Amino acid sequence: MLYFSRLKMILIWLAVATTFILAAPNLFPASTLAQLPSWVPKRQMTLGLDLQGGSHILLQMDQNDLVKAQLETTRDEIRTLLRDAKLGYTGLGGTGKTVQVRITDPNQIDAAKTALKPLTDPVAAGLFTGGSIQEMSLDDSEAGVLKFTVTDAGVKYRTSAALAQSIEVVERRVNELGTTEPIVQRQGDDRVLVQVPGLQDPQRLKEIIGQTAKMTFQMVDTSMSVQDALNGRPPAGSSVLYSQDDPPVPYLVENRVIVSGEDLAKATATYNSQTNEPVVSFTFNSRGATHFGQATQQNVGKPFAIILDNQVISAPVIREPILGGSGQISGNFTAESANDLAVLLRAGALPAKLTVIEERTVGPGLGQDSIHAGKVAGIIGSILVVAFMFVAYGFLGFLANIALAVHVAMIVGLLSLLGATLTLPGIAGIVLTIGMAVDSNVLIYERIREERRAGRSVIQAIDTGFSKALATIVDSNVTSLIATVVLFYLGTGPVKGFAITYAIGILTTVFTAFTFTRLLVSIWLRRARPKELPRAPVTFIPPGTKIPFMGIRRWTFALSSLLSVLSVVGFLTIDINYGIDFKGGSIIEVQSKQGDADIGDIRSRLSELNIGEVQVQQFGAPNDVLIRVGTQEGGENAEQTVIDKVRGELQDTYDFRRVEVVGPTVSGELAKQGTIAMLVALIGILVYVWFRFEWQFAVGAIVATVHDVVMTLGFFVITGLEFNQSSLAAILTIIGYSLNDTIVVYDRVREDLRKYKKMPLPQLLNNAINETLSRTTLTSVTTILALLALVLFGGEVIRSFTMAMLFGVVFGTYSSIFIAAPLLILFRLRPQATVDEEKPVGGGKAVAT
């Protein structure tokens, strides 16, 4: 395995060189890269919103709006069709999804059905559902009454069509704001995801994309005073609408629409030449100009209302016919509000209301702080791991460190090449893989040392060490990869960024450890021709260590059982500190503009806003504060109102660095996805381990992993750390790490079972654990060093993730030795073990139990 052909060496070095070339642009600012020749790679990693700042907003379409609009349209069509057919009717109205009409003359029922047949004719669904669908169904079971009901297929068709239209409208609106590289895409059947990097004013974004912006021009009804209409009933065909003033002014407006926003050809924000007030100038298309001209000719001296989303913007009196097809809208605008209205009118109206059900906004200042914290944690973690590897393996550790540098470069290069997004948890993933990447090197080096102690020559020991370690490396990394793939498919946002980074790290680990390190060792052997393996400055686990782990297995079982029960009881009786990802609500991180933050003052001011449960706490530095607001009973719109109230109360003295809002809809879905992710990961790992080993190994691995998950949940209960999406990512990563450790032990057990066919199982397990103890210890130490750097320097945002990971690594190491291995005795992997357990083997002493 140590021979490399010239072609293979060239390909490996070419891959390494390509990696560094792809990663290099990330070391330079974009302005410097722009000056380089076009053939030079310039693609950098895409920073997530949590690093560069910006807004992530998830909008949900209100299907009830679509159904209501369709019922109104159907009612108008029924009225028109029956009048055209000269058929008498009464009782035309609708509720729910149904419109009904009573035909006056029972003998004209068939004629009415014929006249109204277009309502139930199939429509071409086109790209939305394929083929054709029937939007309305007819029920004529009641004598003289025809009932038209919107079908489920019709609702689905309308929703798909409306969602496609909404995406186009939202995209036009966002682009009008002048933001860079916004993302507007469909998510699910009725949702739109909007991500806008580097946005400075998220509130304005929400107002622009969330407003339906349905504009109409309608005549004001002067046949009755508005006060009489309020006291009694408005005339047929008219409604009372209110203005946007404070307090709102009522107007009696005719329901008939003269012209709608669909007939606008142009809308721009400008200033009134006489008053110098901000106004919106508009121009109709030819159809709109004709209709508007006719209406103004016929109604000179009468007021007409300009209505936006059922609110009257203004109601000017028509002084003379407006025949030019253009005009101005005035209404106490500011320059910004006039421009926003112009943006909305140019982009077009939404077919239905979009409600914000999830919002995550990060200010650019916090993003820069996160990048700095990630860099510091990465550098410190790398230094600690590099130093430890050199201390543990000497010159071989130096070669492993070179491979580690290539490993990091490959992650960065592949992230840049794929255009993947780097998030703050993604940075944590890179730092974590630095600690875990050396695991494969440790496996190989420890195997080489074993083979050398067994009497093989240096070359034979190295060659055999690489060969025997390969299967273990593959098995241990595949289990981690399974959990990571599940996390990618079921995670969202920054957590998905962690999954991508970690998955790439797992794949590059196998290449750098098994291929590149092997190449470096091969070159060293050819040039140095060593007679002995390089000595390490420090030996952490002496060769020949024989610790009777199985002798205390009953005590460790009892301890683990007790801790597991306490964790479950604590989880069921003590409220775990769920984050807004799972229980809904809002998180707001603010920073004092001057001096330290006054937590008491903030708590007092917010308690007067009547927004329910509010928690205020220091978050890192003395001038940083984290505000948590409980979920609101009024649903998603109420959640947004809370943010507006808090912003209005604190924005004068505090900068808003981060805002996260999760409505009850999304929080319920995230909790469900988290549970599914955990179960899918465990089942996937069980299947793989069962396929690669015997059933006892598979069940033992799962039991040990469940033990680690339960312990980690107990850790969250005791510490009160927030349990959010990143915490779930930590648990899934712990599952992968724990299995990685367990597989290494199990692989050695399987090997020893073939080698020592008569040895009692407890003694065999002791041997296997002691033989892999050095690897287990060294891998745990390197991972813990990397995690310590993250805990101490990675910042508050990922604190719950890093703390849980640190705890999980410690318990994952414990469970692979004291839970996973002893379970093989319980499962009677070697039946004679229970009989021979106390008997001496080969003249040796009895194995203690």
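Residues numbered from 1 in each chain as written. Predicted model: local features only at pLDDT ≥ 70, side-chain atom pairs only at ≥ 80, totals over all residues. Heavy atoms only, no water.

As for helix α22 (residues 725–755)
Between the first and last C-alpha of α22 there are 45 Å, a value that for 31 residues agrees with the 45 Å anticipated at 1.5 Å per step. Across the 31 residues of α22, 29 count as buried, placing the element largely inside the fold. (Helix = DSSP H or I, 4+ residues; strand = E, 2+ residues; numbered from the N terminus. Expected span 1.5 Å × (residues − 1). Buried < 20%, exposed > 50% of the residue type's maximum accessible area, 1.4 Å probe, protein only.)

Let's talk about the side chain of R775
One can find R775 in helix α23 (residues 761–793). Taking relative accessible area as the criterion, R775 reaches 3% and is therefore assigned buried. A polar contact of 2.3 Å, which involves the side chain of R775, links it to the side chain of D741. R775 has contacts with D439, V442, L443, E446, N740, D741 and V744, leaving out every residue within four places of it along the chain. (Polar contact = N/O pair within 3.5 Å; in protein donor to acceptor, adjacent residues only side chain to side chain. Contact = heavy atoms within 4.5 Å.)

Details of the sheet that holds strand β15 (residues 278–284)
The strand order β14-β15-β18 describes an open sheet built from three strands, whose pairing is antiparallel. Of all the strands in the sheet, just β14 (264–271) and β18 (326–329) have a single pairing partner and so form its edges. Within this sheet the neighbouring strands show an average axis-to-axis angle of 25 degrees, counted without direction. With seven bridges connecting them, β14 and β15 associate as antiparallel partners. Considered in β15, the bridge of T270 is made with V279. (Pairing = 2+ DSSP bridges. Axes fitted to C-alpha atoms, helices over the stretch in contact; angles between N-to-C directions.)

Some remarks on the sheet that holds strand β9 (residues 183–187)
An order of β9-β10-β2-β19-β24-β21-β23-β22 is seen for the eight strands of this open sheet, with the pairing classed as antiparallel. Unpaired on one side and paired on the other, β9 and β22 (614–619) mark the two borders of the sheet. The mean angle between the axes of side-by-side strands here comes to 20 degrees, regardless of whether they run parallel or antiparallel. Where strand β2 (residues 54–61) lies against strand β19 (residues 354–362), eight bridges are found, and the strand directions are antiparallel. Bridge assignment links S55 to a residue of β19, and that residue is T361. Contacts from helix α7 (residues 202–210) reach β2, β10 (191–197) and β19 within the one sheet, and its direction differs from that of β2 by about 25 degrees. Strand contacts of helix α18 (residues 599–607): β22, β23 (621–629) and β24 (654–662), with the helix running at about 160 degrees to β22, the strand carrying the most contacts.

Details of the pairing of β19
By the criterion of burial, β19 is predominantly enclosed, with nine of the nine residues buried. Direction of pairing for β19 relative to β24: antiparallel, over a ladder of five bridges. What sits directly across from E358, in β24, is V662.

Some words on a nonpolar patch on the surface
Together, F390, F395, F398 and I402 make up an exposed nonpolar region whose accessible area comes to about 340 Å². For the nonpolar patch, the leading source of residues is helix α12 (residues 395–418), giving three residues. Structurally, F395 is set in helix α12. By relative accessible area, which is 31% here, F395 ends up partly exposed. (Patch = residues over 30% accessible without salt bridge, like charges linked within 9 Å, V, L, I, M, F, W, Y side chains within 5 Å. Areas by Shrake-Rupley, 256 points an atom, 1.4 Å probe, with all protein chains shown as cover. Salt bridge = Lys/Arg side-chain N within 4 Å of Asp/Glu carboxyl O.)

Quick look at the packing of helix α14 (residues 458–490) against α22
With their axes 8 Å apart at the nearest point, α14 and α22 run at an angle of 160 degrees to one another. In terms of their interaxial angle, α14 and α22 are classed as roughly antiparallel. Crossing of α14 against α22: the hand is right-handed. Contact with α14, carried on its side by K468, T472, D475, S476, N477, T479, S480, A483 and L487, involves A729, L732, G736, Y737, L739, N740, I743, V744, D747, R750 and E751 of α22 and no other residues of that element. Here the residues of the contact of α14 with α22 sort into eight nonpolar, seven polar and five charged. (Parallel < 35°, antiparallel > 145°, perpendicular 65-115°, else oblique. Left-handed = near helix turned anticlockwise from the far one by under 90°. Nonpolar A, V, L, I, M, F, W, Y, C, P; charged D, E, K, R; others polar.)

Points about helix α16 (residues 553–573)
For α16, which comprises 21 residues, the first-to-last C-alpha distance of 30 Å matches the rise-based estimate of 30 Å (1.5 Å per residue) to within 8%. Buried residues belonging to α16 abut α21 (695–719) and α24 (799–826).

Some thoughts on the environment of R750
With respect to the element layout, R750 can be found in helix α22. We classify R750 as buried; its relative accessible area is 15%. As for R750 and A409, which are separated by 341 residues in sequence, their C-alpha atoms are 36 Å apart. Here R750 is in contact with D475, R692 and F693, once residues within four sequence places are set aside.

Comments concerning the confidence of the model for the protein
Scored by pLDDT, the protein has a mean of 82; 95% of the residues are at 70 or more. Every residue in residues 833–849 scores below 50 in pLDDT, and together they form 24 contacts with partners more than four places removed in sequence or on other chains. (pLDDT = per-residue confidence, 0-100.)

Some words on unusual backbone geometry
Residues other than glycine seldom take positive phi values, yet N276 does so here, at roughly 65 degrees. Mapped onto the secondary structure, N276 falls in the loop between β14 and β15. Residues other than glycine seldom take positive phi values, yet N610 does so here, at roughly 60 degrees. Secondary-structure assignment places N610 in the loop between α18 and β22. For N610, a relative accessible area of 71% puts it in the exposed group.

Considerations on the packing of aromatic side chains
Counted by the stated rule, this structure contains 22 aromatic pairs. Aromatic side chains W13 and F516 sit 5.5 Å apart centroid to centroid with 85 degrees between the ring planes, which places their arrangement in the edge-to-face category. Taken together, the residues span a long stretch of sequence, with W13 in helix α1 (residues 6–23) and F516 in helix α15 (residues 493–528) at a distance of 503 residues. Classification of W13 as partly exposed rests on a relative accessible area of 37%. (Phe/Tyr/Trp six-rings, centres within 6.5 Å; stacked < 30°, edge-to-face > 60°.)

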